[in-house]
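# Residue-level structure breakdown
Listed below are the residues making up each chain.
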Amino acid sequence: MAEKKEKQVSSLPRPLRLFYGVGEFGQQLSVLTLNLYLLYFYVTVLGISGKAAGTLMLVARIWDAINDPMMGTLIDNTHSKHGKCRPYLLYCALPAGIFLFLTFLAPDLSNTSKLIWAYVTYIGQGMLYTATGISYTSLMSRISDKPMDRVALNQSRAFISMFAAIAISSFTLKFVEAAGGGDERKGFAIVAGVYGIIQALCYLTVFRLTKGHDRPEPKEAKAEGGNGKKELLNSFKYILKNPLWRWLAASTMLYYTSAAVTQGIVVFYVKFYLEKPTMTGLATMCSMVSSFFAIILLQVFAKKLGKARSCAMGMAIAVCCLLVRLITRDAIFPLYLACLLVSGFGVGLFSSLLVPSLMDSIDYGEWLFGKRNDALVMSANSFGNKLGSGVGAAIQGFMLDAVGFNKDLAVQSATAKAGLFNTSIFVPLTVFSVVFLLMLMYRRYEKKMPQVREELAQRRASAAEIQN
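Residues numbered from 1 in each chain as written. Predicted model: local features only at pLDDT ≥ 70, side-chain atom pairs only at ≥ 80, totals over all residues. Heavy atoms only, no water.

## Examining the overall build of the protein
The condition is simple: By the criteria applied, helices consist of DSSP H or I runs no shorter than four residues and strands consist of E runs no shorter than two, each listed in order from the N terminus. We compute the radius of gyration over the C-alpha atoms and compare it with the globule rule, which gives 2.2 Å times the number of residues raised to the power 0.38. Summary of the burial criterion: residues with accessible area below 20% of their type's maximum are buried, those above 50% are exposed, and those between are partly exposed, where the area comes from a 1.4 Å probe applied to protein chains only. The Shrake-Rupley method, run with a 1.4 Å probe sphere, supplies the accessible areas, and residue values consider only the shown protein chains as cover. When charges are tallied, Lys and Arg are placed among the positive residues and Asp and Glu among the negative ones, while His and the ends of the chain are skipped. Throughout, a charge is located at the NZ atom of Lys, the CZ atom of Arg, the CG atom of Asp or the CD atom of Glu.
Check the secondary structure of the protein and you find 18 helices and 0 strands. Relative to its length of 468 residues, the protein is compact, with a C-alpha radius of gyration of 22 Å against a globular reference of 23 Å. Across its three principal directions, the C-alpha atoms of the protein cover 75 × 45 × 40 Å. When each of the 468 residues of the protein is scored for burial, the buried share is 56%. When the accessible surface of the protein is split by element, carbon and sulfur atoms take 66% of a total near 19,200 Å². Averaging the coordinates of the 48 positive side-chain charges in the protein and doing the same for the 29 negative ones gives two points 2 Å apart.

Structure (structure tokens):
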């Protein structure tokens, strides 16, 4: 079958294309702050062990295996004057900000009470992130069916995400030190409180910006109703039978696992393996700043190579950089920074196209089964993010205890340093290699998507004629 070409033009209003990504700034204040600093906060500030912190994060992610699909189904079956997705941005924005603050609050409690506090605040924050995050990402598929519209919206997200990543990774610890006057307990609380306020404002801005853009449903879809439990089971059945969704969901979870490890370990790695504590901000910035160029060229790559081949190329670049680091063992610091820069371009290209790729599986599932599950499918992104983050954090936490890491020692043992190096290299190297192969599988389906969307448009036009 010949591959059909789609018109590669974005038809969205300019303000929406430019500023939709504001919500991503709010998301990154939660996601990146947790990935980069929560394990460090739990171990060195709250005072719980790495093993206990890793177990907590893994348990919370197991709960997400239940919570995220439930939230996706709830959104898919929401009918309100604000649309399907926008109500959750309105009503959950402030609670999400509050729980982000509470997660980085370290009250003076007993060891057992500290652990209970950590479980309640972290799981609560995760549930509110689910409600806001799935709603925010699902909005893209409801705003437009056109692939380049979706790429344009995600490009806005990626630009703002990149700026957020640079700011959070480069300045958070400096803000913590300045706000706390050297007291990290006080500093983390103040900074997380400010981040929580900004996060809530970002979600409310997207709510206002997308008024009138949450695509209306056919009247018969609103009238269906039905048994909620049965609807959830049927929706699960449809997405699990969707082969494109399975490939992309696996890629999502693997990627976020690797991201959690590489982001969470960088503070420990630069401070204790490379023994350059003042260079932590520079290293994290180098790993993220080059994604700026990937984002600028995002639509070029999507048009010329397609999403699947662009993602595969990004993973191949990251793998090559990791192999260089493995050979040199990061003994040459400027070369280490150069590898972070080049790898950041490849990872940025992949991550910026991941959400638009998942949206292909929404259309593909509707084409296969006649059932559209925007939010449930996009819950794979939220679930993959959080499960991956939990698994990555558990890997780090157990590794720190297993190799005898001691937070009170400025110079760690050879065993501890070897553990830091092996974790930072071999986890992402394995994951990126597998994801590269999965992206080649995705390419087989991407070739079919122009025909899929054309047939869906014909079905909708026929249904509209019958309805009228």
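There's more to say after this.
## Quick word on the pattern of salt bridges
Condition: Basic side-chain nitrogens of Lys or Arg form a salt bridge, by our definition, when they fall within 4 Å of a carboxyl oxygen of Asp or Glu.
In total, this model carries 9 salt bridges according to the counting rule given. Between aspartate 330 and arginine 325 there is a salt bridge, and its shortest N-O distance comes to 2.9 Å. When its relative accessible area of 8% is taken as the criterion, arginine 325 is described as buried. One salt bridge connects glutamate 366 with arginine 460, and the closest N-O pair in it is separated by 2.6 Å. Pair noted here: glutamate 366 is in helix H15 (residues 333–369) and arginine 460 is in helix H18 (residues 449–467), with a separation of 94 residues, a long-range link. The class of arginine 460 is partly exposed, set by a relative accessible area of 30%.

## Comments concerning the packing of aromatic side chains
Heads up, the rule is: Ring geometry is summarised as follows: Phe, Tyr and Trp rings, the Trp one being its six-membered ring, pair when their centres sit within 6.5 Å, and such pairs are stacked at plane angles under 30 degrees, edge-to-face over 60 and tilted between the two. In our convention, an over-ring charge means Lys NZ or Arg CZ found within 6 Å of a ring centre and within 35 degrees of that ring's normal.
Overall, the coordinates contain 18 aromatic pairs when judged by the stated rule. Between tyrosine 40 and phenylalanine 268, the ring centres sit 6.2 Å apart and the planes meet at 65°, which makes this aromatic pair edge-to-face. With tyrosine 40 in helix H2 (residues 22–46) and phenylalanine 268 in helix H10 (residues 243–273), the pair connects residues that are 228 residues apart, well separated along the chain. Each member of the pair, tyrosine 40 together with phenylalanine 268, is buried. Ring-pair connections join several aromatic residues into one group, and the members of that group are Tyr269, Tyr273, Phe333, Tyr336 and Phe421. In this arrangement the basic side chain of arginine 86 is found over the ring face of phenylalanine 207, its NZ or CZ atom lying 4.1 Å from the centre. The lysine or arginine in question, lysine 276, covers the ring of phenylalanine 333, its NZ or CZ lying 5.2 Å from the ring centre.

## Comments concerning the confidence of the model for the protein
Quick note on the threshold: For every residue, the predictor states its confidence as a pLDDT score lying anywhere from 0 to 100. Only heavy atoms enter the contact rule, under which two residues are in contact if any of them lie within 4.5 Å.
Per-residue confidence for the protein gives a mean pLDDT of 84; residues scoring 70 or more make up 92%. Across residues 219–226 the pLDDT falls below 50, and counting only partners more than four positions away or on other chains, this stretch makes 5 contacts in the model.

## Remarks on the packing of H10 against helix H17 (residues 414–446)
Definition in use: Axes here mean lines fitted to C-alpha atoms, for a helix over just the part in contact, with angles spanning 0 to 180 degrees between N-to-C directions. Angle categories: roughly parallel below 35 degrees, roughly antiparallel above 145, roughly perpendicular from 65 to 115, and oblique for all the rest. Two helices that cross are described as forming a left-handed crossing if the nearer one is turned anticlockwise from the farther one by less than a right angle, and a right-handed crossing if clockwise.
At their nearest, the axes of H10 and H17 sit 9 Å apart, and the two run at 160° to each other. One way to sum up the angle between H10 and H17 is to call them roughly antiparallel. Relative to H17, the crossing made by H10 is left-handed.

## What about the layout of surface pockets?
The gaps of empty space that remain are located by a probe, the size of a water molecule, rolled over the atoms. Stated precisely, the cut-off is as follows: Note on definitions: the grid is 1 Å and covers protein atoms alone; a cavity is a set of points where a 1.4 Å probe fits but cannot get out; a pocket is an open set with protein on both sides within 12 Å along at least five of seven lines; lining residues have an atom within 4 Å of a point. Grid points are joined across faces, edges and corners, and a volume is the space filled by probe spheres set on the points. Classification used: nonpolar for Ala, Val, Leu, Ile, Met, Phe, Trp, Tyr, Cys and Pro, charged for Asp, Glu, Lys and Arg, polar for all others including Gly.
Approximately 460 Å³ is the volume found for the second largest pocket. Leu173, Lys174, Glu177, Pro277 and Thr280 are, among the 20 residues lining the second largest pocket, the residues nearest its centre. Among the secondary structure elements, those contributing two or more residues to the lining of the second largest pocket are H2, helix H6 (147–180), H10 and helix H11 (280–289). Looking at the lining of the second largest pocket element by element, the count peaks at 7 residues for H6. Residues belonging to the lining of the second largest pocket are distributed by class as follows: 9 nonpolar, 7 polar and 4 charged.

## Observations concerning the packing of helix H14 (residues 307–328) against H15
Closest axis-to-axis distance for the H14/H15 pair is 8 Å, and the angle between their directions is 155°. Relative to H15, the element H14 is oriented roughly antiparallel. Here the hand of the crossing between H14 and H15 comes out left-handed.

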